[in-house]
Amino acid sequence: MLLLHLSDVDEASWAEKFRAALAPYPVVRRGDSYDPKAVHYIFVWKPKPDAFDGLDNLRAVLSLGAGVDALLKHPRLPAAPVVRFVDEDLSQRMSDYVVAHVTMHHRLHTRFQADQAARRWVQLYPPAASQTVVGIMGMGVLGQDAARRLLPLGFTVRSWSRTPKAIEGVEGFAGAESFDAFLGGTDILVNLLPLTPDTAGILNSETFGKLRRGGLDGGPVLVNPARGGHQREADIVRALGDGTLGAASLDVFEVEPLPADSRLWDIPNCYITPHIAAISNEEAGVAYYAAIIKAHEAGKPLINVVDRSRGY
Ligand code: NDP
Ligand code: OXD
């Protein structure tokens, strides 16, 4: 049996699609009557504290999200394997966000917006894409997809990951010891790391101060669609004010929804979106997890299982 336990999304709609995809395999929701011991899979998003109570026969916890940082902190998360969402549709949506914001900053949008507001005609030419270095932090599923889509646009792409990566056309940096070298040649910093104890707060004043200067008019740029826990928002406010950063695109925040009194709302070179960079699409999510459940019930191993000791 599959149990759905979803908050902040349309659980009824997901359930209907799961029932259609898995029939005759039973699919239930929290309000339904069912035997908790018959639940072998639970599909979760923002699970409540009692979400896993009584589920003694779980074979897997299935995460609606690609990021599992919050789920792994659930105080009563059972020992069953946690499977995360890895999907082409999600990757495409994230890359859409990354490409849109990288391109916008490369073409000096903030500068020309200010010129327009001041009715000022100054022919400042943006650099060629090849002269702009996009540094991607996190070279996993989403980082690699973003790199794959930025390269044909002509950008110079470098990456930073925990373990070395050999990706054609991308200069790879790995490990804490190469972080400064990675930052030192980066004009647009794109964060696609998972949130773990090692990466929490990594987007801070010290990091911003190490980015390359002189590449983009106005200063280097931060693009963060990963997690709010990566960023120190007071440092971002300061860096945008004193020119350490020329602009920032933020999709995620330390506290979500972003509080109405956050200073970030009022900064013209800070581009805010409300955690919408890449939604887990219902059709894609149901197809993905229905296939996983069927394969696992047929004796095949689970895929995309989270390594709990690494935190991602
Ligand atoms: P992956 O697990 O596939 O990739 C993670 C990458 O980060 C890997 O390359 C990994 O290195 C690297 N990494 C992890 N820890 C470190 C570290 N300490 N130092 C350097 N590199 C490190 O994740 P995804 O690409 O699928 O997703 C990334 C994140 O995007 C998610 O965790 C989630 O938080 C966020 N997200 C946000 C969404 C939104 O709408 N805003 C939507 C979906 C995801 P290595 O390869 O060596 O293991
Ligand atoms: C995710 C998200 O992790 O939407 O999938 O943030």
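Higher on the page you've got the structure.
Residues numbered from 1 in each chain as written. Chains lettered and ligands numbered in written order. Predicted model: local features only at pLDDT ≥ 70, side-chain atom pairs only at ≥ 80, totals over all residues. Heavy atoms only, no water.

A. Seen up close, the environment of V221. By the secondary structure assignment, V221 is in strand β10 (residues 221-224). Residue classification places V221 among the buried residues on the basis of a relative accessible area of 4%. Considered as a pair, V221 and F182 are 39 residues apart in the sequence and their alpha carbons are 14 Å apart. Sequence-distant contacts of V221, defined by excluding residues within four places in its chain, comprise H105, D187, I188, L189, L216, L245 and A247. (Helix = DSSP H or I, 4+ residues; strand = E, 2+ residues; numbered from the N terminus. Buried < 20%, exposed > 50% of the residue type's maximum accessible area, 1.4 Å probe, protein only. Contact = heavy atoms within 4.5 Å.)

B. Molecular detail of the sheet that holds strand β12 (residues 270-272). Read from one edge of the open sheet, seven strands run β8-β7-β6-β9-β10-β11-β12, paired in parallel fashion. At either end of the open sheet lies a strand with only one pairing partner, and these are β8 (170-174) and β12. Pairs of neighbouring strands in the sheet enclose a mean axial angle of 15°, with direction left out of account. Of the pairings in the sheet, the one linking strand β7 (residues 156-161) to β8 comprises five bridges and is parallel in character. Following the sheet pairing, W160 is matched in β8 by F173. Where helix α5 (residues 141-150) meets the sheet, its contacts fall on β6 (133-137), β7 and β8, and the angle it forms with β6 comes to roughly 165°. (Pairing = 2+ DSSP bridges. Axes fitted to C-alpha atoms, helices over the stretch in contact; angles between N-to-C directions.)

C. How the structure looks around the site of ligand 2. Around ligand 2 sit G65, A66, G67, R227, H275 and A278, and those are all the residues in its vicinity. Between ligand 2 and A66, the relevant distance is 2.7 Å, taken from an oxygen atom to a main-chain nitrogen or oxygen of the residue. Here R227 contributes a side-chain N or O atom positioned 2.7 Å from an oxygen atom of ligand 2. Relative to its unbound accessible surface of 210 Å², ligand 2 loses 86% to contact with the protein. For the shell around ligand 2, the per-class residue count stands at two nonpolar, three polar and one charged. (Near = heavy atom within 4 Å. Polar contact = N/O pair within 3.5 Å; in protein donor to acceptor, adjacent residues only side chain to side chain. Areas by Shrake-Rupley, 256 points an atom, 1.4 Å probe, with all protein chains shown as cover. Nonpolar A, V, L, I, M, F, W, Y, C, P; charged D, E, K, R; others polar.)

D. Summary view of the pairing of β7. Across the six residues that make up β7, a large majority, five, are buried. Pairing of β6 with β7, which is carried by five bridges, proceeds in the parallel orientation. Among the inter-strand pairings, I136 is bridged to a residue of β7, identified as S159. Following the chain from β6 across α5 to the adjacent parallel β7, one finds a crossover that is right-handed. (Right-handed = clockwise from strand over helix to strand, strands pointing away.)

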